[in-house]
Every structure is written in structure tokens, then in C-alpha cells.
Amino acid sequence: MDKRQIKEKVYWLGAVDWDRRLFDSLIPLPDGTTYNAYLVEGSKKTALLDTVDPSMAGKLLAQLAGVSKIDFIVSHHSEQDHSGAIPHVLERFPDAKVVANPKAKVMLIDLLKIPENQFLTVEDGETLSLGDKTLKFIQTPWVHWPETMVTYLEEDRILFSCDFYGSHIATTDLFVTDQWRVYEAAKRYFAEIMMPFRNVIKKNIEKLKGCDIHMIAPSHGQIYDHPDWIMDAYQDWVTGAPHNLVVLPFVSMHGSTQQMVDRLTSALVVQGVRIELFNLTVTDIGKLAMALVDAATVVVGTPTVLAGPHPLAAYATFLANALRPKAKYLSIIGSYGWGGKTVETLAGMIPNLNVEVLGPVLCKGAPSKAVFEALDRLAGTIAKKHEENDFK
Ligand code: FEO
């Protein structure tokens, strides 16, 4: 695909990765992704904003075939899916300066061995004139790494946001065509990499209110030509109250924990609480992460195996702890055969979660009437807590 114009003298370049199914060897990408770069041609200078994953460098270089000069390569974020082809572009345009903030410069030297004298470092709020177009650099740490920044093209009112507001969707649509599809993909992306840094992201959102943004051009997924809705969505994900929702990741070996999950589900529904189940033997971990954006309560369902929680339940708990969702309550349910330290082990795995732990319900063997009644009481406690907090 050749480069495509998005505004006068502003072009999308990049690659569509239809086949990629895993990011950072961790994050599922069910719909592939794109690596977006942008070319801004001013009356005096030309800048390339980001590059592509190194596996797709050839596509970017082909798009740059008709470009006679690049003066600046702006690196918003040092992760290789955006920075990885910078060395290839520098081979073609050896006089180009790599524009990066001081933190990113160190990372790019470490990761890509770019020579130190190739850099032009920029500070927060600094501008770079291309003649009739002006790039303003705004530091936005933790969207996704601590060095991340964005660029605001003042004359065209375009925010080049890199991972911020991005979505993993392989598509040839340049602009958003299916808002709800992009909403889901963007939420998944937020949940997987940005949710733990909500407090910093909140500050970044505030900072961007100083820009009159008419278009957001991220480095993954489609461009937002009407960006208000995605900015509102981020505001909700970052600062909105948790929902009247229980997220229940679970695993069952011989059916006892499954019976407990089913009973708790029914009891919560009767109490007017929404619940989403994630059977960890089949679940898409990205879907679980997305549900955690809104959940007020997390309940982990696990049998005891090898004297502790099932490894899949331990993984889900570790992940929830790492993602630091807004959940206010947590509990544990499950079955054991003869003993073990499931509750103690899981409770020790959530130091990052600011939650009240509600009494766990564990049972020896298959659940009895008393166990089902205990699950009903847990559902009642959860419903009461949600109601007290006015979670909708
Ligand atoms: Fe798209 Fe953090 O890289």
C-alpha cells in the first residue's frame, strides 16, 4: 500500500499486520494490528513521525521511495513496533535527526544502537518549525512507557498520539468506520497496557485539554476524524466509577468449583448484580482485562491443587494485580480435597489492589447445602456493597 493523504501535506504511511496474534509475547491480538507512521511536509522541512515494526521496514521504505529528503524522524515511543525501523530509515536518510526526549534518547541508544550525535532532544512543550507547519511535543508518560510523548500539529490541529488512543485492528480503512468495533479494540488496548497507570494518564488527558484537537492519528488502528467520543471513553475508563459488575475468572478440575461458580452467578443475578465469567481454560485474557476496566468486584474461583491455587487462577490473580483495576472488593471461592493454602497464597498476590477482601467460600469436596447458602450470602454482601456505593 502506498502512502495516503490525511490532510494537505500530511500522509499516513505504515503497514497492516493482518497475521499478528500476540504482542509482547503476551497480549492477544485477535484482529491483527497496524503500525502507523506519518509524514508531515512543511514548506521548509519534512518530518517522519514514528516508523514501523522492524519486520515491516521494507514496506515503509517502499512508501518513502519518492521522498527526496527527511529532516527529522520523531520518535514518540521507543518500543520497537514504532522505533524498530528507525535504523533502516537512517540508512536511507543519513542526515535526518532523530527527535526524542532525553529519556527516549537513552532507550533508543540502548535498544537500537542509534549514534548519540544523530539525536535532537526536545523537552515538554517545545516546538519544531517545518516552515508552514509546527510540531509541538507534549510529554505523556506511561502511554505506554515512561518516555512516551505525543505531537500536536498546530496548524492542522492533529494529535499524533502513538499508543495513546490506539487500537489493534488490521484494516485498510484509514479513518474510523465502525465506532463500536474501534471502541472495543481501544478499550482492550487501554486495559492491557495503560490501566495500571490511570493516575498519570488522567494528568495527560488534562494536559491535552490545552490543544484544540480536530483529529487523532494514533500509531495503531484507524484515525479518529471525530475524536470526541474516544476522548470521552478514555475519561470514563480512567476516572469513572466502577460498574455494578462482578468479574469471575475461574477454573474447575472435577466440577465442584464450577457448581459454586454457577450458584454464585445465579444468586448475583437475583440480587441485580451483573456478572461476567471467564473460564481460564478457554478465555481470551484480553477480554478478561477489558472486563476489569469496569468491575466493582473480582471473585476468583479455583480448586486447590498442589496445596495452592490452580496455576491458571494464580496467573489471572497475578495479572489483575499487575493491571491494578478500579475494583473495590475481592473474594475467593473454590473446592479442595484435603487441605492447602489457596486463600493465603492468593491473598498474598494482590498487594497492588486497593480492595476490601470479602470472606472467601471454600468447601471440602463437592459443595453442600451449607456451602450454597454461604455463596448466597456472599452474593448478598456484594449486592449490598455495590448498592451502598451507588455503582450503576
Ligand atoms: Fe505500540 Fe508500546 O508500542
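Residues numbered from 1 in each chain as written. Predicted model: local features only at pLDDT ≥ 70, side-chain atom pairs only at ≥ 80, totals over all residues. Heavy atoms only, no water.

**Student:** Looking at this structure, how should I read the packing of helix H8 (residues 256–270) against helix H12 (residues 369–388)?
**Tutor:** Helices that pack against each other are described as a pair by the angle of their axes relative to one another and the distance between those axes. The geometry of H8 relative to H12 is characterised by a closest axis approach of 9 Å and an angle of 40° between their N-to-C directions. Looking at the two axes, H8 sits oblique to H12. Considering how the two elements wind past one another, H8 and H12 form a crossing that is right-handed. Here H8 contributes Gln259, Met260, Arg263, Leu264, Ala267 and Leu268 to the contact with H12, which in turn contributes Val371, Phe372, Leu375, Asp376, Leu378, Ala379 and Ile382. Across the contact of H8 with H12, the residue classes break down as 10 nonpolar, 1 polar and 2 charged. (Axes fitted to C-alpha atoms, helices over the stretch in contact; angles between N-to-C directions. Helix = DSSP H or I, 4+ residues; strand = E, 2+ residues; numbered from the N terminus. Parallel < 35°, antiparallel > 145°, perpendicular 65-115°, else oblique. Left-handed = near helix turned anticlockwise from the far one by under 90°. Contact = heavy atoms within 4.5 Å. Nonpolar A, V, L, I, M, F, W, Y, C, P; charged D, E, K, R; others polar.)

**Student:** Quick question: what am I supposed to make of the domain arrangement of the protein chain here?
**Tutor:** One widely used convention gives an interface's size as the accessible area the parts lose upon coming together. We note that the domain assignment places domain 1 (4–239) and domain 2 (245–385) within the protein chain. Inter-centroid distance (C-alpha atoms) of domain 1 to domain 2 is 38 Å. Listed as interface residues are 16 residues of domain 1 and, on the opposing side, 15 residues of domain 2. Across the domain 1/domain 2 interface, buried area totals approximately 1,200 Å², and carbon plus sulfur atoms make up 60% of it. (Domains from an automatic or database assignment. Buried area = accessible area lost by both parts, 1.4 Å probe.)

**Student:** It is not clear to me how the state of the cysteines should be interpreted in this structure. Could you clarify?
**Tutor:** In protein structure, a disulfide is the covalent linkage between the sulfur atoms of two cysteines. If you walk through the whole model with that rule in mind, you get 0 disulfides. Looking at the unpaired Cys162, the closest cysteine sulfur is the one in Cys211, lying at 16 Å. In this structure Cys162 comes out as buried when scored by relative accessible area, which is 0%. (Disulfide = S-S within 2.5 Å. Buried < 20%, exposed > 50% of the residue type's maximum accessible area, 1.4 Å probe, protein only.)

**Student:** Got a minute to help me understand the nonpolar core in this structure?
**Tutor:** Generally speaking, a soluble globular protein has its nonpolar side chains buried in company with each other. The biggest cluster of nonpolar side chains holds 62 residues, and the ones touching the most others in it are Phe164, Tyr165, Phe190, Met194, Tyr224, Ile230 and Tyr234. Per-element accounting of this core gives the leading share, 8 residues, to helix H5 (residues 179–194). Both domain 1 (4–239) and domain 2 (245–385) contribute no fewer than three residues apiece to this core. Sequence-distant contacts of Phe190, that is, excluding residues within four places in its chain, are made with Met195, Arg198, Ile201, Tyr234, Trp237, Val238 and Val293. Ranked by size, the runner-up nonpolar core spans 29 residues in total, among them Leu39, Ala57, Leu61 and Ile73. (Core = buried A, V, L, I, M, F, W, Y, C linked by side-chain atoms within 4.5 Å.)

**Student:** Looking at this model, I keep getting lost on the sheet that holds strand E6 (residues 46–49). Mind explaining?
**Tutor:** Sheets are built from strands paired through backbone hydrogen bonds, the pairs being either parallel or antiparallel. In spatial order, the strands read E1-E2-E5-E6-E7-E8-E9; together these 7 strands make up an open sheet with mixed pairing. Strands with a single pairing partner mark the edges of an open sheet, and in this sheet they are strand E1 (4–7) and strand E9 (119–121). Neighbour-to-neighbour, the strand axes of the sheet open up by a mean angle of 30°, direction not taken into account. Pairing analysis gives 8 bridges linking strand E2 (residues 10–17) to strand E5 (residues 33–41), with the strands arranged antiparallel. The residue of E5 that forms the bridge with Val16 is Thr34. (Pairing = 2+ DSSP bridges.)

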